[in-house]
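A look at the structure
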Amino acid sequence: MNDYHINVFYSEKNGCYIADIPDLKYCSAHGSSTLEAVKQVEIAKAAWLDAAREQGKPIPPPRYRPAIYHLGP
């Protein structure tokens, strides 16, 4: 499957999970769980792509990014 990479992390400052798509500038969303954040960013992705198409703006191709895990303090 060739789709956009999604980052998900918890924001202590905002008290919620944040999901963003690095390839789509400013495309992000939040939710009370990781699943909710991903569902919301999928909605944001569709809106981002629709707006880019309507405005004739370039749509960047998805790029693979390996998972990076933080394993300690």
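Above this text is the structure in question.
Turning to the packing of aromatic side chains, a few remarks are in order. Under the counting rule described, the total for this entry stands at one aromatic pair. Residues Tyr10 and Tyr17 carry aromatic rings whose centres are separated by 4.9 Å and whose planes lie at 70° to one another, so their mutual orientation is edge-to-face. Take Tyr17: its relative accessible area is 26%, and that puts it in the partly exposed class.

A word on the pattern of salt bridges. All chains considered together, the criterion is met by four salt bridges. We note a salt bridge from Glu42 to Lys45, for which the minimum N-O separation is 3.1 Å. A residue pair is termed a helical-turn pair when its members lie 3 or 4 positions apart in one helix, as Glu42 and Lys45 do in helix 1 (residues 34-55) at three residues. Residue classification places Lys45 among the buried residues on the basis of a relative accessible area of 11%. Shared partners join several salt bridges into a network, and the residues in it are Asp3, Glu42 and Lys45.

Looking at the element boundaries, Asp20 is found in strand 2 (residues 16-20). Take Asp20: its relative accessible area is 21%, and that puts it in the partly exposed class. Sequence separation between Asp20 and Ala44 is 24 residues; the distance between their C-alpha atoms is 9.3 Å. With residues near it in sequence (within four places) discarded, Asp20 still touches His5, Ile6, Asn7, Phe9, Cys27, Ser28 and Val41.

What counts and how
Residues numbered from 1 in each chain as written. Predicted model: local features only at pLDDT ≥ 70, side-chain atom pairs only at ≥ 80, totals over all residues. Heavy atoms only, no water. Phe/Tyr/Trp six-rings, centres within 6.5 Å; stacked < 30°, edge-to-face > 60°. Buried < 20%, exposed > 50% of the residue type's maximum accessible area, 1.4 Å probe, protein only. Salt bridge = Lys/Arg side-chain N within 4 Å of Asp/Glu carboxyl O. Helix = DSSP H or I, 4+ residues; strand = E, 2+ residues; numbered from the N terminus. Contact = heavy atoms within 4.5 Å.

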